Amino acid sequence: MKKLGFIGGGNMAEALARGLIERKVFKPTELIVSDVDAGRRRKINRALKIAVTDDNLLVIRESRAVLIAVKPQQIEDVLGGLATSDKIDPREKLFISIAAGITIARLTSSLGAKARIIRVMPNAPAMVGRGMAALVRSKAASKSDEAFALKIFLAVGDAVALKDEALLDPVTALSGSGPAYVYLFVKALADAAANEGIPRDLAIRMTLKTVEGAEYNMRMSKLAPAELIRIVASRGGTTEAALKRFAAGGFSDIVAAAVHAAADRSRELGRSY
């Protein structure tokens, strides 16, 4: 019996499997992955030395816990195949879903009210071991199930457990979509530096190191963000001049509106599946 099976062998599943193996959470022999793409199966098998198959039901039968890592539009096929099988009792398995927008209610409608389900919102930096995930468990899932799921996502970054599934919509807007906001800011900052005469490659390098250093300083410091800003922004200095222009352009309001738009879209998608 495998400790964890993956339905869907995409980039996120591969990153999770790699993190679990490298962190010695599980051995390669304790994992199995199913995917319809033979090329993905070969890649995962060669890179991680774990069992692969094109049979989702085999993964479910042979695994104590199943991580559903398919696109939302594929979830019907996965759940439909499970519902038509009389050889699998969903109550005997822990199901962990990272399918975006697929609610616990939608999963339980196919798996049954007594199914043990964990819904997770990971993010793209998990693929380089620096992810941020949030998860919520169904009523049938136990604290032990929750701890098991946390262990998986802590292998590729940080992870937190929430009690209210509705919070996964703002979580999606923050950490799920957040990397793109950072990429946008880095691009804008580097573009501006290049316009001031700094060579573009150097502008990118300096911007990335500035963001990395600021993130580390903020994480290690006990000071609030506003206080850290005040320390850098000397009265009458260059930073103050820049911050005044940000404020005049409504920077904070733009960020708030963007996060709200992403959270609203997440809610819409949750209702559509």
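Below: a short report on this structure. (Residues numbered from 1 in each chain as written. Predicted model: local features only at pLDDT ≥ 70, side-chain atom pairs only at ≥ 80, totals over all residues. Heavy atoms only, no water.)

Inspection of every chain in the model, using the stated rule, returns 4 aromatic pairs. Consider the rings of F246 and F251, whose centres lie 5.0 Å apart with planes at 50°: the pair is tilted. The class of F246 is partly exposed, set by a relative accessible area of 35%. Chaining the aromatic ring pairs together yields one cluster made of F185, F246 and F251. (Phe/Tyr/Trp six-rings, centres within 6.5 Å; stacked < 30°, edge-to-face > 60°. Buried < 20%, exposed > 50% of the residue type's maximum accessible area, 1.4 Å probe, protein only.)

With that out of the way, let us pick up the layout of surface pockets. Of the pockets and cavities examined, the second largest pocket occupies roughly 710 Å³. Surrounding the second largest pocket, 27 residues form its lining, G10, A69, V70, K71 and Q74 being those nearest its centre. Elements that contribute at least two residues to the lining of the second largest pocket include exactly α1 (11-22) and α4 (75-83). For the lining of the second largest pocket, the leading source of residues is α1, giving 3 residues. Within the lining of the second largest pocket, the residues separate by chemical class into 15 nonpolar, 9 polar and 3 charged. (1 Å grid on protein atoms, 1.4 Å probe; cavity = no way out; pocket = protein on both sides within 12 Å on 5 of 7 lines; lining within 4 Å. Points joined across faces, edges and corners; volume = space filled by probe spheres on them. Helix = DSSP H or I, 4+ residues; strand = E, 2+ residues; numbered from the N terminus. Nonpolar A, V, L, I, M, F, W, Y, C, P; charged D, E, K, R; others polar.)

Once that is clear, we can look at the pattern of salt bridges. What the rule picks out here adds up to 18 salt bridges. Taken together, the shared-partner salt bridges connect E14, R18, R40 and K43 into one network. (Salt bridge = Lys/Arg side-chain N within 4 Å of Asp/Glu carboxyl O.)

What follows covers the environment of D89. Residue placement: D89 occurs in the loop between α4 and β5 (94-97). The spacing of D89 and R61 is 28 residues in sequence and 9.2 Å in space, taken between C-alpha atoms.

Moving on: the pairing of strand β4 (residues 65-68). Residues A65 and L67 point to one face of β4 and V66 and I68 to the other, with burial holding for every one of them. With 3 bridges connecting them, strand β1 (residues 4-7) and β4 associate as parallel partners. Across the sheet, the residue bridging to G5 is V66, located in β4. Here β4 runs beside β5; their pairing, made up of 4 bridges, is parallel. Within the sheet, the bridge partner assigned to L67 lies in β5 and is I96. (Pairing = 2+ DSSP bridges.)

Any link to function would need more than the numbers given here.
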